[in-house]
Structures are given as C-alpha cells and as structure tokens.
Amino acid sequence: MELTTPIRGVKGVGEKTEQLFQKTGVYTVGDILLRFPREYIRFPAPAEISEAVAGKKQAVVLRVEAPVIVKRTRSMQLAIASGVHNNQKMEFLWFHMPYVRNTLVKGQSYILYGSVQEKGGMLSMEQPVIYTPEQYHAVADSLQPVYGLTNGLSNNLYKKTLRQVLEQQLLLQEYLPQETRQSYKLAEYNYAVSQIHFPESMDALSKARRRLVFDEFFQFILYMQLQKEQGQKIENRFVFCDSSMLDPLLAKLPYTLTAAQLRVLDDIQTDLHGEYIMQRLVQGDVGSGKTIVAFFAMCLVSASGYQSALMAPTEVLAAQHYETFAQYIELFGIHTHLVLLTGTMTAKQKRRAYERLQLFPDAMVIGTHALFQEKAVYDNLALVITDEQHRFGVRQRETFSLKGESPHILVMSATPIPRTLAIILYGDLDISVIDEVPAKRLPVKNCVVGTGWRPNAYEFIRKEAALGHQAYVICPFVEASEYAEGENVIDYTQKLRQALPESIEVAFLHGKMRSDLKNKVMEAFAANEIQVLVSTTVVEVGVNVPNATVMMIEDAQRFGLAQLHQLRGRVGRGDAQSYCIMINTSDAKGASKRLDVLNRTNDGFQIASEDLKLRGPGDFFGIRQSGDMEFQLADIYQDAGVLRQASEEVQRILGCDRELELPEHEGLRRKAQEYFERQMERFNL
C-alpha cells in the first residue's frame, strides 16, 4: 500500500463506501492521514440509572433483567429495553434496529452511551451506543477522535479505516529543516499525524496539534511571502480620471460616509493613481459599510473606461450586491453597465453575460468564482475586489494578465483581526481599516443566559415575528450523532416548529445542503417568506437581511468570541432595535467570563483582542472560528503565539535563502509548490 493508493484499497472499503469517503475529500490513503479530527471526546465514568441526569451525555449501566421488546408501527420498528436502580426506572430506545433484541442478553450487564432525556417524569435514552463493560473500559481512558462525516459514513467506520492505514506505517516525508524543529521544539511529522488521530494522552495531543498548527501557518505564510516577492512591484499602466469625479456622487448619498470610510476610500484612490498595482486589504467590522466603499472604487474605474469585478462568496450575496449596485446606479444617475455572472445561471444567461463583458469595456461585473472561469474573457479589467475567502495571489493574477493587464487587487475582510496578526497573515497586502460604524445604526442589545431562559427566548422571537421581524437561531451541529454534545439544526428546527405558532415559518440551513437549496432558503429568508432560520455558522457570511432583529446562539460557549461577533453582525442592519441572545450551556466559570466580553462591547477589534487573552493554548475543543484561510486545525486567536513563531521562521529562512535553493530546503520548495497547486485547483485556474 502506498500513500497514493485509492482509499478503496483498504480492507472493508467497497465501491459505495469509497464514494462516501470521496464526499469528505478522501480519495487516497494519504488523504485520510491528512484529514484531521473535528474534535475529541472523553467518555465519562459509567453511572447507575439512579445517578443519571437529564440533558447530559452519559454512560449508564443497564442490567438486562427482561427481554428487549420490539414494537412495530407502519413506518418503523422500535426496540425498547428498560432498567431500574434504587426505584429509578429508565427506558432505552432504538429506532429501526430490531436486532438489538439479540444484542442485549438477559442476565448480562452493558454500558449504554447517549443523551439522557426526561419525558413525563420518565428518564430515557434514544439510540444509545451499546458497549460491554470490557469494551467501554478500553475507550474510557482515551481521547476519541470525531470526524466530519457525510450521511452513511459512521465515525466508527472512519476510525477503523484510519487505524488500518496507520498500521501500514507509511511514512510521510518530513519537510521542515531539523534546525526549525529543534528551535521551536516541534514534534516529528509522522508522530504528529499519528497522535492527532489517536492520541495516547492529552500531552501527546497537545504536542501533535502544535506541530501541525505550526505547519499550517508556516506553509501559508511561506506561500504568501514567495508571492509577494514575485509580484511586489507590478507597474500600474492604467490611467484613471481624477478622484474629484466622486464628489457629486458622495453629495447625493442620503447619509454621510464615516471618517473611516472616507479615509479608506482615499487610500484606494491613492493606490489606483500610484506607480504600482494596488494590493490592499480593507478590514471593516460587521456593518461598517465596506460595500459602499467598494462601489465608489468601481465607479472611479468605470468612469475611467475600465472594467471592475466584485467577487462574492455565495450566489445569494452576489445577487444581492447586484440589486444594491443597480439601485446605486439609478440613485446617482451613472451611465454604466452592470453584469451578473454566477455558476448556476443557465447556459443562455452565461452566454449573454460573456457577450456583455465584450460589449461594455466599462462594465461593473458582480458574481461568484464563475467570474474567473475560462469562458469569462476580460480585455479591460482594471480592478478585482474579493472577500477574504477568495483571496487571489500573484499566480492567479497571471491568469488575468493573459486576458489583459494585471488588475488592481482589493481584498475585503469582515473578520476583526488585531493589526499585529493581520500584518503577518496578509503580509503581501497593504492594510486599511474601517473602524467606525455608521451613526444611524442602533447598537445590538445583548444577553447571555442559561438553558432555563429558552422559553422566554421563544416567546421573544414570537413577539418579534408578530411585529413583522425575523430571527436567526444558530446551532453548532447539523444533526444529532452519538458524539454531538450540543444542539443540532435538524432537531432544533422541529423543536421550534412545535414551540412557535404555525403562522411562523421555520426553516433550516446548513453547509451539507446542495448549493441550489441553500440559495433557495436564503432567498426565501431575505424575502421574509421564512421568519425563523435555524442554521449552522454558514450564515456568518450571508445576505443582508435588515428585517432580521434577533440572533439566538445555542451552546454559545463553544464558539470563539470573534465568530460570535460575526454572527451577531447578521442583525442590527435595519432601523429597528436588534437583539442577540447567547445561550450558555456550560457550568464553567471561564465560559461565562468569555461571553461577558460580548455583553460589554460591540467593537469587533476590541473583542478580538480580548479573545487573544482569554483563549488558552489548550482551549481547542470548541468550534474553530478562523476558517477563512482553509486551516484545518489552526485558529489565529488561540494559536496567535504559534502564528508569530511560524512568521519569524519564514522570515529567517527566506532571509538566508530567498529562492529556497539550499539542499536542506528542498522539502520547503516541494511544499510551496503543493500549496500553490491547491490554490490553483481551489480557484479552478
């Protein structure tokens, strides 16, 4: 078996299972080794039935004293076992699993793991995992990995397949120089990969994770620095009209831009008229007004006779930007053409869009990654504006050069990153910050509450819906699983449909849905056809819904503060007062302390700074919040120290070997090339 062996080469993986693995991005044996766990769980000590507590995941001892009952209904078979301890009775239920009747033998003891619930005074556990005492003892003292899966692929099958691969002892090539590993006390690569999957201890997991986090930051920064060297000084051959042409447009705005917006717009104008091509990052807190700044930049380009393109992360947001820009063009009386180009447009619509790119050399173009597919030909593109999830480097810009000049690049970011870290992460870009929010916006009112406040929250949502407003409800998981410690979107949607009046339309949204379905749901929510949207964090980068006034976040302590702030930014975009309700399901004092930061301030940059202080190096069991740069493990907030070390090491190595020509840097050259190829594949270039 080799690292390049298809995953089907592993015993027990047939054609159907191979297809399920491929849905998770695993095609080869090497792929599964480098796809790391989402989180880990520790199994609790087994409890007697009388010690069970509703609302928690627990391991409960069941002494089988009566046969398992199997009830048949029209739609399913239900297996029921029951046990008693100190007069406390408990039922265990399995749906569509009649074979449990033969698994649980009368007179034997088992340990059942799952969520304990209470209904009508009776404790119960649905779909518990069954262990013999010996089996449970084997896993109770270990950290068990949990992977991101797809329907039909269980965590146990994933782990079993991975163990078989690890047993082959296939060696991944160490690429970091020995000097680097020694300087920063980094674990050996193969040891780190093995321990990140099946850690022998918490200490081993910490060492493995630190090595792999260093790798992710190091490769990212190395790639960016190499790009910066190649494209630092591209001559600006575009000739733009005087910036004063924007003055009459600014005067027609129904509001005044903030000083921060004007300052950033001035930075952009200076770059456009400068000697070299612009490569700038604009950081702006949620609701700070980055879009209008982007529009004015595109106006200047259009008035100068050139094309500009704005790339959005989702089709729904691209369509919303298109409608917003169309309104601006009408408001300002601008004579320019607006073109929309997205992946799900029909062939006829795309053809028409391509024709318009050729017909109108001053067009403003808005779309998704479809903007830069092969058939989209630009002869006059002078400015590309992207969000941080679609960053473009020098090699990608070369693609545009083949179609015309190298365009100016503007990257817009809503992630509040402290400047010291932003300089490291965006070292190839100049940085501007919009650090003010328009005065007309009312600050979001916040509250952090326990689970007992849920009925009040539901009533509050009902009242807001009665006033014609809408609400988001965020859950950490898509659906229930044996390991999911927290609320999930699917079950919570049903819970809300039962708790709220039928007149209130409740729908769900999550990242596993097909793109067209996600678009349909978001469009319906934006049109107020859906009043309550239950979602994972996929709405973090979403459409602007000014009518949404409530953001309710379940298991809030599982999220980073900066991500909570991003989610909160989905509301407060209209004239009505908005609210953020954070449900803290943890008893830990640290969780309350962290969440209280959001109670005290709506300033994203201050929150990010607090996050750096409060998230310790061992705090990596929550939900990662800096996923915008495709890090599997690394989080720029909790791993800020490792980020700085990786940056220092990149600078040291490039300082003595700019072209990575030394023999000891051969592995670094290879990794940089692999990283580049992944980026090209990501953008379909």
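Note: the structure precedes this text.
These numbers were taken from a predicted model, which means no experiment stands behind them.

(A) The overall build of the protein chain, seen in detail. Of the regular secondary structure elements, the protein chain holds 23 helices and 22 strands. Taking 2.2 N^0.38 as the reference for a compact globule, 685 residues should give roughly 26 Å; the C-alpha atoms of the protein chain span a radius of gyration of 27 Å, in line with that estimate. Viewed in the frame of its principal axes, the protein chain has a C-alpha envelope of about 90 × 70 × 50 Å. Residue burial in the protein chain is summarised as follows: out of 685 residues, 54% are buried. Relative to all contacts within the protein chain whose residues are 6 or more apart in sequence, the contacts with residues 24 or more apart total 74%. With an accessible surface of roughly 30,500 Å², the protein chain has 49% of that area assigned to carbon and sulfur atoms.

(B) Inspection of empty space enclosed by the protein at higher detail. By the definition in use, this model includes 2 cavities of 30 Å³ or more. Approximately 50 Å³ is the volume attributed to the second largest cavity. Around the second largest cavity, the lining residues are Glu 48, Ile 49, Val 61, Leu 62, Arg 63, Glu 65, Gly 83, Val 84 and His 85. When contributions to the lining of the second largest cavity are tallied by element, the ones reaching two or more residues are β2 (57-63) and β4 (77-85). For the lining of the second largest cavity, the per-class residue count stands at 4 nonpolar, 2 polar and 3 charged.

(C) Geometry of helix α11 (residues 290-303). With 14 residues, α11 extends 20 Å from end C-alpha to end C-alpha; this agrees with the ideal 20 Å at 1.5 Å per step. Within α11, 12 of the 14 residues are buried, leaving the element largely enclosed by the surrounding structure. Within α11 the residues assigned to the buried category are Lys 290, Ile 292, Val 293, Ala 294, Phe 295, Phe 296, Ala 297, Met 298, Cys 299, Leu 300, Val 301 and Ser 302. At the C-terminal side of α11, Gly 305 shows a positive phi close to 90°.

(D) The arrangement of the sheet that holds strand β19 (residues 506-509) in detail. Taken together, 6 strands build an open sheet; the order of strands is β17-β22-β21-β18-β20-β19 and the sheet is parallel. The open sheet is flanked by β17 (445-449) and β19, the only strands paired with a single partner. Strand after strand, the sheet turns through a mean of 15° between neighbouring axes, direction not considered. Across 4 bridges, the pairing between strand β21 (residues 548-553) and strand β22 (residues 579-583) is parallel. By the bridge assignment, Val 550 is partnered in β22 with Tyr 579. Contacting β18 (470-474), β20 (532-535), β21 and β22, helix α16 (residues 454-466) runs over the sheet at an angle of about 165° to β21. Most of the contacts of helix α18 (residues 515-526) go to β19, to which it runs at about 140°, and overall it touches β18, β19, β20 and β21.

(E) Expanded view of the side chain of Asn 190. Within the fold, Asn 190 resides in helix α7 (residues 189-197). Relative accessible area serves as the criterion here: at 17%, Asn 190 is assigned to the buried category. There is a polar contact of 2.7 Å between the side chain of Asn 190 and the backbone nitrogen of Leu 172. With near-sequence residues (within four places) excluded, Asn 190 lies in contact with Leu 170, Leu 171 and Leu 172.

(F) Representation of the sheet that holds strand β16 (residues 430-434). Read across the sheet, 7 strands follow the order β12-β13-β11-β14-β15-β10-β16 without closing on themselves; strand pairing throughout is parallel. Edge positions in the sheet fall to β12 (338-341) and β16, since each has one partner strand and no second. Across the sheet, the mean angle from the axis of one strand to that of its neighbour is 20°, orientation sign disregarded. Pairing between strand β11 (residues 307-311) and strand β14 (residues 381-387): 5 bridges, direction parallel. Within the sheet, the bridge partner assigned to Ser 308 lies in β14 and is Leu 383. On top of the sheet, α11 reaches β10 (279-284), β11, β13 (364-367), β14, β15 (408-413) and β16; it is set at about 170° to β14, its chief contact.

So, how was this worked out
- Residues numbered from 1 in each chain as written.
- Predicted model: local features only at pLDDT ≥ 70, side-chain atom pairs only at ≥ 80, totals over all residues.
- Heavy atoms only, no water.
- Helix = DSSP H or I, 4+ residues; strand = E, 2+ residues; numbered from the N terminus.
- Rg over C-alpha atoms; globule rule 2.2 N^0.38 Å.
- Buried < 20%, exposed > 50% of the residue type's maximum accessible area, 1.4 Å probe, protein only.
- Contact = heavy atoms within 4.5 Å.
- Areas by Shrake-Rupley, 256 points an atom, 1.4 Å probe, with all protein chains shown as cover.
- 1 Å grid on protein atoms, 1.4 Å probe; cavity = no way out; pocket = protein on both sides within 12 Å on 5 of 7 lines; lining within 4 Å.
- Points joined across faces, edges and corners; volume = space filled by probe spheres on them.
- Nonpolar A, V, L, I, M, F, W, Y, C, P; charged D, E, K, R; others polar.
- Expected span 1.5 Å × (residues − 1).
- Pairing = 2+ DSSP bridges.
- Axes fitted to C-alpha atoms, helices over the stretch in contact; angles between N-to-C directions.
- Polar contact = N/O pair within 3.5 Å; in protein donor to acceptor, adjacent residues only side chain to side chain.

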